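Coordinate analysis (summary)
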Amino acid sequence: MNLQQTYITKNDCYQAGRTITPKGIMVHSTATPGVMAPSWYSRWNRADLAVAVHAFVDDTVVCQHLPWNHRAWHCADSGNNTHIAFEMCEPTDWKTNQTYFTACYQNAVELTAYLCRLYSLNENHVISHKEGYQKGIASNHGDPEHWWTHFGYTMDMFRADVKRKLADKPITVTPVILPQTVQQGDSGDAVTSLQKRLNHMQIALALAFNPLTVDGIFGAKTREAVRAFQTARKLSVDGIAGPKTWAALGYNYGDVNADGKVNAADALNVLQAVVGKRTFDASQQQTADMDADGKVGAQDANLILRRTVNKQ
Ligand SMILES: [Zn+2]
């Protein structure tokens, strides 16, 4: 495991210096496609940011941002007082990149086993952010399962791999790509994640449909929601969630600085890009292009100022 310590000393969580006695480990993933572990340091080493995790993990490196027993702020609830947290970074092609998934997952298993040894924990003390919500100690997010589900992976499989690692047994990661395109009449996990994502987009992009019941069944209402999203993103409007629609659903529109919020700071970033004081990578450009006109302009900053939405 390639562990690099780069403490975010300006961040409020580091400055506060509150410590915890780790009772468990919470696994997250960023839902920010294309932003790898080393890129988060400059994003989060800021005095005005009270959000932090202990580490970011990608396919090559583990970047530790806080001492493991510092209290982080990663799940907006009591889990912050008990759990060490790390974020797995998602690649641009997060639904299909098996090679990346395998390497990142292996690093996550290794880090988790390392932390278990450090604090006398075992695989049963490991939960996801999603499971934290189900236990009532974390905010309502679906990570990292929303990502892993595309490769047929679950937290139970992760815990089993951590257990093997703790016993010094080798682990084998075999991600499979699940069917991508879903349409009316389909049901299952892919439809569930589609509905969740559409509900997120309904708020983020002020789409004209009522929030969907997340039941994993692709009916007429889900089709209309897909059409509304496709219209807003200027995709071909067919009501079918194919690769292009899924890719467009992968962005947290408006959250340009990837701090989990859409606010004036994001609008400012956009305006800086407009006047050439800031350069956006491809992922940030997509995220900033609120009106889907293919370029980042002042109008996008305007639209961002009208939105307040939390990361999913
Ligand atoms: Zn999370």
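The structure contained in this document is the topic of the report that follows. (Residues numbered from 1 in each chain as written. Predicted model: local features only at pLDDT ≥ 70, side-chain atom pairs only at ≥ 80, totals over all residues. Heavy atoms only, no water.)

With that out of the way, let us pick up the coordination of the zinc ion. Looking at the zinc ion, one finds its protein donor set to be His28 (ND1), His129 (ND1), Asp143 (OD) and Asp143 (OD), positioned 2.0 to 2.8 Å from the metal centre. Coordination geometry of the zinc ion: the 4 donor atoms subtend angles of 50 to 136 degrees at the metal centre, consistent with an arrangement described as irregular. Each donor residue of the zinc ion belongs to the same chain, with the gaps between them written as H-x100-H-x13-D. Remark: His129 occurs in helix 4 (residues 129-134) and His28 occurs in strand 2 (residues 24-29); sequence separation between them is 101 residues. Residue His28 shares its accessibility class with His129, and that shared class is buried. (Donors = N, O, S within 2.8 Å, 3.2 Å for Na, K, Ca; no water. Tetrahedral: all angles 85-135°; square planar, octahedral: opposite > 155°, others 65-115°. Helix = DSSP H or I, 4+ residues; strand = E, 2+ residues; numbered from the N terminus. Buried < 20%, exposed > 50% of the residue type's maximum accessible area, 1.4 Å probe, protein only.)

Now for the sheet that holds strand 1 (residues 3-5). Pairing in this open sheet of 6 strands is mixed, and the strands run 1-4-3-5-2-6 from one edge to the other. At either margin of the open sheet sits one strand with a lone partner, and together these are strand 1 and strand 6 (126-128). Taking the axes of each pair of neighbouring strands and ignoring which way they run, one obtains an average angle of 25 degrees across the sheet. The pairing of strand 3 (residues 55-57) with strand 5 (residues 83-88) spans 3 bridges and is classified as parallel. Note on strand 5: the bridge partner recorded for Ala55 is Phe86. Along the sheet face, helix 3 (residues 98-118) touches strand 1, strand 2, strand 3, strand 4 (62-64), strand 5 and strand 6 and points at about 165 degrees away from the line of strand 5. Each of strand 2, strand 5 and strand 6 is contacted by helix 6 (residues 155-166), which is oriented at about 155 degrees to strand 6, the strand it contacts most. (Pairing = 2+ DSSP bridges. Axes fitted to C-alpha atoms, helices over the stretch in contact; angles between N-to-C directions. Contact = heavy atoms within 4.5 Å.)

Burial of strand 2 is extensive: 6 of the 6 residues sit out of reach of the surface. Of the two faces of strand 2, the one carrying Gly24, Met26 and His28 and the one carrying Ile25, Val27 and Ser29 are both buried. Taken together, the 6 bridges between strand 2 and strand 5 define a ladder with parallel strand orientation. In the sheet register, Ser29 faces strand 5, and the bridge partner there is Met88.

Attention shifts here to the packing of aromatic side chains. Enumeration according to the criterion identifies 16 aromatic pairs in this entry. Between Phe101 and Trp147, the aromatic rings sit 5.6 Å apart at their centres with planes inclined by 85 degrees, giving edge-to-face as the arrangement. Note that Phe101 is positioned in helix 3 and Trp147 in helix 5 (residues 145-148), a separation of 46 residues in sequence. For the pair shown, Phe101 and Trp147 are each scored as buried. Here a set of aromatic residues connected by ring pairs shows up, and it is made of Tyr100, Phe101, Tyr105, Trp147, Trp148, Phe151, Tyr153 and Phe158. (Phe/Tyr/Trp six-rings, centres within 6.5 Å; stacked < 30°, edge-to-face > 60°.)

Taking 1.5 Å per residue as the helical rise, helix 8 (residues 220-232) with its 13 residues ought to reach 18 Å, and the 18 Å between its terminal C-alpha atoms agrees with that figure. Taken as a whole, helix 8 has its buried residues at Thr222, Ala225, Val226, Ala228, Phe229 and Gln230. Buried residues along helix 8 sit in contact with helix 7 (189-204) and helix 9 (243-249). At the exit of helix 8 stands Lys234, carrying a positive phi of roughly 55 degrees. (Expected span 1.5 Å × (residues − 1).)

Interhelical geometry of helix 3 versus helix 6 gives an angle of 60 degrees and a closest axis separation of 9 Å. Taken together, the axes of helix 3 and helix 6 are oblique relative to one another. Both helix 3 and helix 6 take part in a crossing whose hand is right-handed. Side by side, helix 3 and helix 6 meet where Tyr105, Ala108, Val109, Glu110, Thr112, Ala113, Cys116 and Arg117 of the first sit next to Met157, Phe158, Asp161, Val162, Lys165 and Leu166 of the second. Grouping the amino acids of the contact of helix 3 with helix 6 by side-chain chemistry returns 9 nonpolar, 1 polar and 4 charged. (Parallel < 35°, antiparallel > 145°, perpendicular 65-115°, else oblique. Left-handed = near helix turned anticlockwise from the far one by under 90°. Nonpolar A, V, L, I, M, F, W, Y, C, P; charged D, E, K, R; others polar.)

Let us now look at helix 3. Three or four residues apart is the spacing at which side chains of an α-helix point the same way, because the helix has 3.6 residues per turn. Its 21 residues place the ends of helix 3 30 Å apart at the C-alpha level, agreeing with the 30 Å of an ideal helix rising 1.5 Å per residue. Trailing helix 3 by a residue or two, Ser120 shows a phi angle of about 50 degrees, which is positive.

Turning our attention to the nonpolar core. Nonpolar side chains in soluble globular proteins tend to be buried together. Formed by 47 residues in total, the largest nonpolar core has its most connected members in Phe86, Met88, Tyr105, Trp147, Trp148 and Phe158. Those elements that provide at least two residues to this core are strand 2, helix 2 (40-44), strand 3, strand 4, strand 5, helix 3, helix 5 and helix 6. A per-element tally of this core places helix 3 first, with 9 residues. Excluding its chain neighbours within four sequence positions, the residues that come into contact with Phe158 are Val27, Phe86, Tyr105, Ala108, Val109, Thr112, Val126 and Trp148. Judged by nonpolar contacts, the second largest core, of 32 residues, contains Leu212, Phe229, Ala273 and Ala301. (Core = buried A, V, L, I, M, F, W, Y, C linked by side-chain atoms within 4.5 Å.)

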